Structures are given as C-alpha cells and as structure tokens.
Amino acid sequence: MDLPPRRTALKLETADAHAALDAMVGSFQTLDDYKRYLAGIAAFRLPVEAWLSQTSLPADLDGYQPHMVQSELEADLADLNAVEPKDQPAFQPPEGDGVVGLLYVLEGSSLGARLLAKRAEALGLSAEYGARHLFSQARNFSSWRAFSERMENVRGYDDRAAARWANTAFDYARSAFESALNAKYTIGRPDQL
Ligand code: HEM
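Computed from a prediction, not measured in an experiment: that's the story for all the values here.

(A) Seen up close, the site of the ligand. Lining the immediate surroundings of the ligand are 19 residues, of which R7, K11, H18, D22 and Y104 lie closest. At a separation of 3.1 Å, an oxygen atom of the ligand approaches a polar side-chain atom of K11. Contacts to the ligand include H18, whose side-chain N or O atom sits 2.9 Å from a nitrogen atom. Elements with a minimum of two residues in the shell around the ligand: α1 (5–13), α2 (15–25), α3 (31–52), α5 (99–122) and α8 (159–182). If one sorts the elements of the shell around the ligand by residue count, α5 sits on top with 8 residues.

(B) Structural context of the pattern of salt bridges. Tallying each qualifying case throughout the model produces 5 salt bridges. A salt bridge links R132 to D76, with the nearest nitrogen and oxygen atoms 3.7 Å apart. Of this pair, R132 sits in helix α6 (residues 132–139) while D76 sits in helix α4 (residues 70–79), placing them 56 residues apart in sequence. With a relative accessible area of 23%, R132 lands in the partly exposed category.

(C) A look at the coordination of the iron atom of the ligand. Coordination of the iron atom of the ligand by the protein comes from a single atom, H18 (NE2), at 2.1 Å. Structurally, the position occupied by H18 is in helix α2.

(D) Summary view of the side chain of N140. With respect to the helices and strands, N140 occurs in the loop between α6 and α7 (142–151). A polar contact is formed between the side chain of N140 and the backbone nitrogen of S143, at a distance of 3.0 Å.

(E) Structural detail: α4. All of the buried residues in α4 are L73, D76 and L77. All buried residues of α4 fall inside an arc of 100° around its axis, so they share one side. Relative to its buried face, α4 has exposed residues pointing more than 90 degrees away, namely S71 and A78. Those residues of α4 that are buried are in contact with α3 and α6. Looking one or two residues beyond α4, the residue adopting positive phi is N81, at roughly 55°.

(F) Structural detail: the environment of D16. Note that D16 resides in helix α2. Its relative accessible area of 69% is what places D16 among the exposed residues. Sequence-wise, D16 and N167 are 151 residues apart; in three dimensions their C-alpha atoms are separated by 9.8 Å.

(G) Molecular detail of the packing of aromatic side chains. Enumeration over the complete set of coordinates arrives at 11 aromatic pairs. A centroid spacing of 6.0 Å and a plane angle of 20° characterise the contact between Y37 and F177, whose relative ring orientation is stacked. Taken together, the positions of Y37 in helix α3 and F177 in helix α8 put the pair 140 residues apart, joining distant regions of the chain. The two residues Y37 and F177 agree in class, both being buried. Here a set of aromatic residues connected by ring pairs shows up, and it is made of F44, W51, F91, W165 and Y172.

Cut-off values and rules
- Residues numbered from 1 in each chain as written.
- Predicted model: local features only at pLDDT ≥ 70, side-chain atom pairs only at ≥ 80, totals over all residues.
- Heavy atoms only, no water.
- Near = heavy atom within 4 Å.
- Polar contact = N/O pair within 3.5 Å; in protein donor to acceptor, adjacent residues only side chain to side chain.
- Helix = DSSP H or I, 4+ residues; strand = E, 2+ residues; numbered from the N terminus.
- Salt bridge = Lys/Arg side-chain N within 4 Å of Asp/Glu carboxyl O.
- Buried < 20%, exposed > 50% of the residue type's maximum accessible area, 1.4 Å probe, protein only.
- Donors = N, O, S within 2.8 Å, 3.2 Å for Na, K, Ca; no water.
- Arc of directions from axis to C-beta.
- Contact = heavy atoms within 4.5 Å.
- Phe/Tyr/Trp six-rings, centres within 6.5 Å; stacked < 30°, edge-to-face > 60°.

Laid out in structure tokens, this is it:
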C-alpha cells in the first residue's frame, strides 16, 4: 500500500539519517548497551519535548496531542541509575515553518519503539521498570494515527522547511547518541563508578 505523499517525502528525505542512527544505536545486547541508548534517547527527547511544550502547533493539527514521554524517561533513568549526558546543546529549530517535520520524527519513532521494546524485554526490562518510555510509545497508536492523518492536510505546508526540521531533529538525535556513547558517566553515577 502506498504511503501518503508528505509522509513518503519525509521518509525518503530522512532515510539516510535514520539508517545512521539505527547503526549507531545497534541492537543493545547487554544492559550497559541499553543504558547508553537510554542516555542518548533522553538527551535527544527531553530538550525537544521541553521546547515543544512551549510551542503552538498549526491549527490544522487540532485534535492531535504530541505523545510526550518525559516522565517515563526520567523514571527509566532512575530505575537503571543512568544519567543523561550533560554536554548536549539546547535544541534550536532551523529556519522556516517546518514543525510538522519535527513532529514526524518524534511520532514516527514510536513505530520503531515496538521493535526496541521487544529487545528491551529480552534484557529483563518492562513497562514498569527501565523501559517505560518504549512501552509507552509502543502501546500508543492513537498519537501517530492522529498526527499522520492530519499532517497530510495542514494548510500552507512548506515541504522544504518540514524536511529541514526533520533532518535537524535527526542531527540532534545523532549528537545526543554520540555524547552518550562517548560518556563513561552514563553507566552509573560518578560516585558509583
Ligand atoms: C535502533 C534504533 C531504531 C530502530 C531499530 C528503529 C527502527 C524503526 C523501524 C523498524 C521503523 C518502521 C516501523 C514500521 O514501518 O512499522 C521505524 C520507523 C521510524 N523511526 Fe525508527 N528506529 C530506531 C530509532 C529511531 C529514532 C531514535 C528515531 C527518531 C529520532 C526514529 C525515527 C523513526 C521515524 C520518523 C519512523 C517513521 C518512518 C515512516 O514514515 O514510516 N527511529 N524505525
């Protein structure tokens, strides 16, 4: 079945960035791998969600609410005694009116979360311990459905700006994962190393 046109375009325009991220995150086979992933995803999502909660969305998205996982991420970090890298710069959106592209990346990642939740489960993590944010995303079908339908009908949509914002989101995620992979202090707090 063909995907609708705006989603198809964004998917194509971010395919390389997604593949690079996927390769970087890998398949977390150990709990330490998972903690690095968790630190990276927290360093990506927490600033972006904070930014988003201060932003008004296009009126044509009415009826859709972004699915935020800030509190689940914080609980996961606490469960596993992991900390997010502190060297991630603040999230800065690029030029133009492309917030739909950013939302596409945030909501679309819930599709991949289903796979990641299964991998986390294999490490003994769950919706109640350590992988709350993944299960919350994986079980939430309504936000992606509401968003992906509405994004095709937003009036005044600027496809170049949306692609720019989507790729900025992926760049920001990549730098968050790079910081987490390079930081020893994501595995246990410094006083417990
Ligand atoms: C190891 C990490 C990841 C894996 C294995 C993964 C895997 C996947 C898979 C399998 C899908 C397709 C699901 C489907 O079509 O039913 C998907 C979709 C998607 N993922 Fe990821 N993902 C990962 C991380 C991320 C992250 C961190 C982001 C955001 C920064 C992201 C953004 C997206 C987006 C936007 C889509 C939707 C693509 C579309 O339009 O169909 N993914 N991912």
